[in-house]
Amino acid sequence: MSLDQNELKNKLLSVFRNMTDGDDRYFAKEVSAKVDGHAEIGSISTADAGTVPGGVFAGSGNGSISVQSSICENIVYAACKVMSTMSAGGDEYLATQLAMGIDSMLSAGEVSTSVKGTITPPSGTPFTSAGAAKGTFKGVFSTMQAGFLATFKAMAGMTKNGDEYLAEQMALYITTYLKAGVVTTQGQANLSGSIGTGAMS
């Protein structure tokens, strides 16, 4: 599968429409869960190469990432509680903490790929080999943070359709963050020594 920005928008919109004022735990839990699900359907592709036990390997990998929504939930919930005591700067604070929660969740996730390619031995005939790789995702949360902040500030002057706008913009910036991130993997077992680099789509 691949990232579906429109699906994420619709899921976030459902969360916002079902919220009640002050329901911080619901907001933190549900938004985190929806972003978790969005990231996990993303398709990860890598270019893999390196010296492995059988020789020099070159190939490609495909897979996905597994994340824990509770990481994001805890950060966002704590931020909501702090915001209830703030008299100013709430937009900036929430934008930062929401982006940080999502970024922390993705950074702690595990990427798994199935890798296939060709091993060229020191002598003899090249042969096809396949295996697994595991790795990490690294994103730039500052772009997501800036997008969230711009969205919150724009909403301050809105009198209607705020939920729709928030869902649409959050889905945009989250998806952009995921697509711009860098995936790095390490080959396992027979592909130990191979390094993969790639992205999510």
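See the structure printed just above.
Note that the coordinates shown come from a computational prediction; the quantities given were computed from them, not determined experimentally.

A. How the structure looks around the pattern of salt bridges. This structure, assessed with the given rule, holds six salt bridges. We note a salt bridge from Glu 30 to Lys 34, for which the minimum N-O separation is 2.8 Å. Highlighted residues: Glu 30 and Lys 34, both in helix H2 (residues 24-40), separated by four residues, approximately one helical turn.

B. Local environment of unusual backbone geometry. One non-glycine residue, Asn 161, adopts positive backbone phi at about 60°. The topology assignment puts Asn 161 in the loop between helix H5 (141-155) and helix H6 (162-180). Residue Ala 189 is not a glycine yet carries a positive backbone phi of 50°. Its location among the elements puts Ala 189 in the loop between strand E5 (182-187) and strand E6 (194-200). Residue Ala 189 is classed as exposed on the basis of its relative accessible area of 65%.

C. Broad picture of the packing of aromatic side chains. A complete count under the given rule lists two aromatic pairs for this structure. Each ring, one from Phe 16 and one from Phe 27, has its centre 6.4 Å from the other, and the planes form 25°; the classification is stacked. A residue pair is termed long-range when its members are at least 10 positions apart, and Phe 16 in helix H1 (residues 5-17) and Phe 27 in helix H2 qualify at 11 residues. A relative accessible area of 6% places Phe 16 in the buried class. On the basis of relative accessibility, which here comes to 11%, the residue Phe 27 falls in the buried class. Taken together, a centroid distance of 5.7 Å and an interplanar angle of 65° make the contact between Phe 137 and Tyr 177 edge-to-face.

Definitions and limits used
- Residues numbered from 1 in each chain as written.
- Predicted model: local features only at pLDDT ≥ 70, side-chain atom pairs only at ≥ 80, totals over all residues.
- Heavy atoms only, no water.
- Salt bridge = Lys/Arg side-chain N within 4 Å of Asp/Glu carboxyl O.
- Helix = DSSP H or I, 4+ residues; strand = E, 2+ residues; numbered from the N terminus.
- Buried < 20%, exposed > 50% of the residue type's maximum accessible area, 1.4 Å probe, protein only.
- Phe/Tyr/Trp six-rings, centres within 6.5 Å; stacked < 30°, edge-to-face > 60°.

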